[in-house]
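# Structural features, examined
These are the residues of each chain, in order.
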Amino acid sequence: MKQYDYLIVGCGLFGAVFAHEAQKKGKSVLFIEKRNHIGGNIYCELQEDILVHKYGAHIFHTSNKRVWEYVNQFVEFNNFINAPIANYKGEIYNLPFNMNTFSKMFQISTPQQAQEIIEAQRGEIKGEPQNLEEQAISLVGREVYTKLIKGYTEKQWGRDCKDLPAFIIKRLPVRYTYNNNYFNDRYQGIPVEGYTALVEKLIDGCDVLLNTDFFSDKEKYLAMADTCLYTGMIDAFYDYCYGELGYRSLRFENETLDMQNYQGVAVVNYTEREIPYTRVIEHKHFAFGTQEKTIITKEYPADWVAGMEPYYPINDAKNTELYQKYADLAANETKILFGGRLAQYKYYDMDKCVEAALALCDRVL
Ligand code: FAD
Ligand code: UDP
């Protein structure tokens with residue numbers, strides 16, 4: 001059996017960056033990937049001449065120049081800026097929370113008017129916010145919370161906003177300017193050829209076994225390389241010995257429509273509780289497409305159960321404590337490295353994932 005320097009379990013972004021750097025150092029790499037394609041959750045493919053993000057909207061954004069220059073070595077990025085719309089019971093608001101949102105919500109026009117209204121509404125929260133609901137009200141007041149946050153968040157996470165950690169909502173900018181850019185980062189865009197092209201270039205020269213689950217023959221695969229980089233679920237690696245970590249899953253429903261333009265924007269969030277999906281994405285708008293047809297995807301949040309894709313770690317106190325036990329086991333491994341969203345149980349965006357992979361390379365290669 002061929003021997004490799006590295007076995008990488010999972011062919012997502014984390015593993016791909018590590019593989020590229022390992023090969024630059026003259027190391028040989030074998031990937032095993034349980035899905036039938038490379039790229040993990042950033043995989044996209046052409047349908048009707050439209051690049052379809054198969055696992056939900058992916059917009060690359062970063063303030064880290066090293067990361068931006070790193071990914072731009074491989075693929076060219078377009079100048080897409082994410083400016084999603086919220087639909088609450090048919091009322092349309094701009095996101096993230098900014099003067100466009102506030103002027104429509106409160107029928108006002110100046111930052112001072114918006115601040116006065118929100119200041120009065122946030123008065124109900126005394127002291128440091130203890131959960132997502134309190135954090136949200138203290139950021140934008142009860143009215144924006146009720147229409148644009150509560151329903152969306154409870155669908156997304158499957159629990160009450162009072163039982164969710166505050167940090168989740170701190171990801172979103174709140175601005176008193178008329179600026180609909182969803183991100184504050186310096187750099188933003190989408191690869192013109194798609195994310196799969198980025199991953200293809202990163203892993204060029206590696207061997208890849210698709211449709212191969214590491215756990216179907218763990219010992220055999222481990223014996224094929226000197227060191228293993230594992231990017232799957234960390235609790236699965238240790239056979240759930242301390243119990244299962246919590247994840248949220250998603251179901252994607254795609255439709256090809258015989259029209260040019262369905263919703264006029266790449267992402268519409270449906271923020272009311274009663275509509276079962278959280279967002280509808282229209283893929284062509286990520287690339288300013290003018291094709292005759294269009295493809296949309298409805299994103300339905302779901303409880304994660306064994307066999308489903310674990311898209312989001314649930315970083316609440318209970319899971320964080322449980323993860324720490326697995327991380328302690330992982331820290332004692334000498335021939336196995338752990339990295340990426342699932343193995344580090346972290347809500348990584350792509351740029352943070354590249355950053356973490358490069359940091360691991362700096363440390364071990
Ligand atoms: P993954 O992409 O999950 O790769 C892990 C791979 O390991 C998978 O291919 C999996 O099949 C494989 N694997 C797991 N277990 C096994 C096993 N036992 N055997 C073999 N293979 C295995 N980030 C942004 O920056 N911008 C965005 O707009 C954005 N939107 C997102 C939207 C959604 C719906 C989701 C879920 C994530 C989004 N992200 C976004 C985050 C982004 O997807 C991640 O940062 C990135 O994909 C993480 O890469 P990874 O390699 O860590 O994990
Ligand atoms: N969120 C919300 N309303 C929205 C969009 C986001 O309440 O219209 C909240 C929700 O709790 C979500 C969090 O903000 O989990 C972070 O949003 P983001 O768009 O960053 O989520 P992701 O891209 O990770 O799904």
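How each quantity is defined
Residues numbered from 1 in each chain as written. Chains lettered and ligands numbered in written order. Predicted model: local features only at pLDDT ≥ 70, side-chain atom pairs only at ≥ 80, totals over all residues. Heavy atoms only, no water. Axes fitted to C-alpha atoms, helices over the stretch in contact; angles between N-to-C directions. Helix = DSSP H or I, 4+ residues; strand = E, 2+ residues; numbered from the N terminus. Parallel < 35°, antiparallel > 145°, perpendicular 65-115°, else oblique. Contact = heavy atoms within 4.5 Å. Near = heavy atom within 4 Å. Polar contact = N/O pair within 3.5 Å; in protein donor to acceptor, adjacent residues only side chain to side chain. Areas by Shrake-Rupley, 256 points an atom, 1.4 Å probe, with all protein chains shown as cover. Nonpolar A, V, L, I, M, F, W, Y, C, P; charged D, E, K, R; others polar. Pairing = 2+ DSSP bridges. Core = buried A, V, L, I, M, F, W, Y, C linked by side-chain atoms within 4.5 Å. Buried < 20%, exposed > 50% of the residue type's maximum accessible area, 1.4 Å probe, protein only. 1 Å grid on protein atoms, 1.4 Å probe; cavity = no way out; pocket = protein on both sides within 12 Å on 5 of 7 lines; lining within 4 Å. Points joined across faces, edges and corners; volume = space filled by probe spheres on them.

Two elements in contact, helix H4 (residues 111–122) and helix H5 (residues 132–157), have axes whose closest approach is 7 Å; the angle formed by their N-to-C orientations is 100 degrees. Classed by the angle they form, the pair H4 and H5 counts as roughly perpendicular. Packed against H4, whose contacting residues are Ile118, Gln121 and Arg122, the element H5 presents Ile137, Ser138, Leu139, Val140, Gly141, Arg142 and Glu143 at the interface.

A separate point is the site of ligand 1. Taken together, 31 residues are adjacent to ligand 1, and Glu33, His58, Ile59, Tyr348 and Met350 come closest. The contact in question runs from an oxygen atom of ligand 1 to an N or O atom on the side chain of glutamate 33, over 2.7 Å. Measuring from a nitrogen atom of ligand 1, one finds a backbone N or O atom of phenylalanine 214 at 3.0 Å. For ligand 1, the protein covers 96% of the area, taking 1000 Å² as the surface of the free molecule. Listing elements by their share of the shell around ligand 1, those giving two or more residues are helix H1 (13–24) and helix H11 (350–364). Considering only residue class, the shell around ligand 1 consists of 16 nonpolar, 9 polar and 6 charged.

Time to look at unusual backbone geometry. The omega torsion across leucine 95 and proline 96 is -10 degrees, close enough to zero to call that bond cis. Along the polypeptide, proline 96 turns up in the loop between strand S7 (91–94) and helix H3 (99–106). Despite not being glycine, tyrosine 240 has its phi angle at roughly 55 degrees, a positive value. Mapped onto the secondary structure, tyrosine 240 falls in the loop between helix H9 (234–237) and strand S11 (247–257).

A word on the site of ligand 2. Surveying the vicinity of ligand 2 reveals 17 residues, the closest of which are Thr153, Tyr182, Asn269, Tyr312 and Tyr347. Contact distances for ligand 2 include 3.4 Å between an oxygen atom and a backbone N or O atom of isoleucine 149. A distance of 2.9 Å is found between an oxygen atom of ligand 2 and a side-chain nitrogen or oxygen belonging to asparagine 269. Coverage of ligand 2 by the protein chains reaches 93% of its 520 Å² of free accessible surface. Broken down by secondary-structure element, the contributors of at least two residues to the shell around ligand 2 are H5 and helix H6 (167–170). The greatest single-element share of the shell around ligand 2, amounting to 6 residues, is contributed by H5. Split into classes, the residues belonging to the shell around ligand 2 amount to 11 nonpolar, 4 polar and 2 charged.

Here we take up the pairing of S11. Here 2 bridges tie S11 to strand S15 (residues 312–313), and the two strands are oriented antiparallel to one another. Paired with arginine 248 across the strands is tyrosine 312, a residue of S15. As defined by bridge partners, S11 adjoins strand S14 (residues 294–303) across 10 bridges and the pair is classed as antiparallel. Bridging from a neighbouring strand, asparagine 254 pairs with threonine 297 of S14.

This part is about the nonpolar core. In terms of nonpolar packing, the biggest core is built from 116 residues, with Phe102 and Tyr230 touching the most fellow members. Considering every element that reaches this core, the biggest residue donor is H5, with 9 residues. Listed in part, the 10 residues of the second largest apolar core include Val265, Ile275, Val280 and Tyr300.

A word on the layout of surface pockets. The volume enclosed by the second largest pocket comes to roughly 230 Å³. Mapped by element, the contributors of at least two residues to the lining of the second largest pocket are helix H10 (317–331), strand S16 (336–338) and H11. The biggest single contributor to the lining of the second largest pocket is H10, with 4 residues.

Below, the discussion takes up the sheet that holds strand S9 (residues 207–209). Strand order in the open sheet made by the 5 strands is S9-S2-S1-S10-S16, with parallel pairing throughout. Edge positions in the sheet fall to S9 and S16, since each has one partner strand and no second. The average undirected angle you get between the axes of adjacent strands in this sheet is 20 degrees. Sheet analysis places strand S2 (residues 29–32) next to S9, joined by 3 bridges and oriented parallel. Note on S9: the bridge partner recorded for leucine 30 is aspartate 207. Contacts from H1 reach strand S1 (4–9), S2, strand S10 (225–230) and S16 within the one sheet, and its direction differs from that of S2 by about 165 degrees.

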